[in-house]
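# Structural overview
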Amino acid sequence: MSARGHAFGIDIGGSGVKGAAVDLATGELLHERIKIATPRPSTPQAVAEAVAKLVAEAEWSGPVGLTVPAVVLGGVVRTAANIDKGWIGTDARALFSGALGGREVTVLNDADAAGLAEDRYGAAKDFDGLVLLLTFGTGIGSALIHNGTLVPNSELGHLEVGGMETEHRAAASIKDRDGLSYPQWAAAVSTVLIGLENLFWPKVIVAGGGISRDADQWIPLLGNRTPVVPAHLRNTAGIVGAAMAIDSGLAP
């Protein structure tokens, strides 16, 4: 982190490795985000090389925060549901630090990063208590934040509700695969949200993922009791959350 309150975040996704410097006072990007196509195959070494290229292009010399779509404990990747299986057991913190010339790096789950960003700067910034973020995409990512403190690696997309994993019931990909209308899909999402809110009793649920752009077509159809609001930061949330995690103690 610089003395000016700036930090650099990188969000590693299935299609792109995206990064930018972030103003930590506002959560705004300091320049247009830089995007490099995610390598195929997306092996740890190949992704680390893409990260090094992105940071060099940005001419950033300080610490870097990074997200990966996996459970991360102490910088080590423990799962690989939607990424190359070679990531399992990889010390991502050491990998990225080495690729960046030994500088300090912080690594955390991508949904956790998005949740932190939405909690501080976005859709949940005016809520106290427990905030639940769910990202609806190929699967369902999740983040739990209580009064600004992250409960890391919640992986609620794999929690069974009504005898089925939540992401197998209500991910955005299920809507596309089965040709569901918004009312049909909203009914499945409601089942998931009711199960989750009965366990956690959040103050607000933030809905992220690309389908949140069409929030007006499905959020009003939901039948759960907790307020549901669309994510504000959208495709910058992972970058912002990764930048927030540097030197903050937020990463697991």
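Refer to the structure printed above.
The present account deals with the structure reproduced in this document. Note that the coordinates shown come from a computational prediction; the quantities given were computed from them, not determined experimentally.

## Re the nonpolar core
- Counting 29 residues, the largest nonpolar core has Ile 10, Ile 12, Val 51, Val 64, Leu 66 and Phe 96 as its most contacted members.
- Those elements giving two or more residues to this core turn out to be strand 1 (6-12), strand 2 (16-23), strand 4 (34-37), helix 1 (44-58), strand 5 (64-68), helix 2 (92-99) and strand 8 (105-109).
- Take this core: its biggest share by element is six residues, from helix 1.

## Brief notes about the layout of surface pockets
- Estimated volume of the largest pocket: approximately 1100 Å³.
- Sorting the residues of the lining of the largest pocket by element identifies strand 1, helix 3 (110-120), strand 9 (130-136), strand 10 (140-146) and helix 8 (237-245) as the ones contributing at least two each.
- A class-by-class count of the residues in the lining of the largest pocket yields 11 nonpolar, 20 polar and 10 charged.
- When residues of the lining of the largest pocket are sorted by domain, at least three fall in each of domain 1 (6-112 + 236-248) and domain 2 (126-231).

## A look at the packing of helix 1 against helix 2
- The N-to-C vectors of helix 1 and helix 2 enclose an angle of 45°; their axes lie 9 Å apart at closest approach. When the interaxial angle is binned, helix 1 and helix 2 end up oblique. Relative to helix 2, the crossing made by helix 1 is right-handed. Contacts from Pro 44, Gln 45, Val 47, Ala 48, Val 51 and Ala 52 of helix 1 reach helix 2 at Leu 95, Phe 96 and Ala 99.

## Looking at unusual backbone geometry
- Omega for the bond connecting Arg 40 with Pro 41 falls within 30 degrees of zero, at -5°, which places this linkage in the cis form.
- Structurally, the position occupied by Pro 41 is in the loop between strand 4 and helix 1.
- The phi dihedral of Asn 153 is positive, around 60°, even though this residue is not glycine.
- Of note in this structure, Glu 155 is not a glycine but carries a positive phi near 50°.
- Summarising the element assignment, Glu 155 is placed in the loop between strand 11 (149-151) and strand 12 (160-161).

What counts and what doesn't
Residues numbered from 1 in each chain as written. Predicted model: local features only at pLDDT ≥ 70, side-chain atom pairs only at ≥ 80, totals over all residues. Heavy atoms only, no water. Core = buried A, V, L, I, M, F, W, Y, C linked by side-chain atoms within 4.5 Å. Buried < 20%, exposed > 50% of the residue type's maximum accessible area, 1.4 Å probe, protein only. Helix = DSSP H or I, 4+ residues; strand = E, 2+ residues; numbered from the N terminus. 1 Å grid on protein atoms, 1.4 Å probe; cavity = no way out; pocket = protein on both sides within 12 Å on 5 of 7 lines; lining within 4 Å. Points joined across faces, edges and corners; volume = space filled by probe spheres on them. Nonpolar A, V, L, I, M, F, W, Y, C, P; charged D, E, K, R; others polar. Domains from an automatic or database assignment. Axes fitted to C-alpha atoms, helices over the stretch in contact; angles between N-to-C directions. Parallel < 35°, antiparallel > 145°, perpendicular 65-115°, else oblique. Left-handed = near helix turned anticlockwise from the far one by under 90°. Contact = heavy atoms within 4.5 Å.

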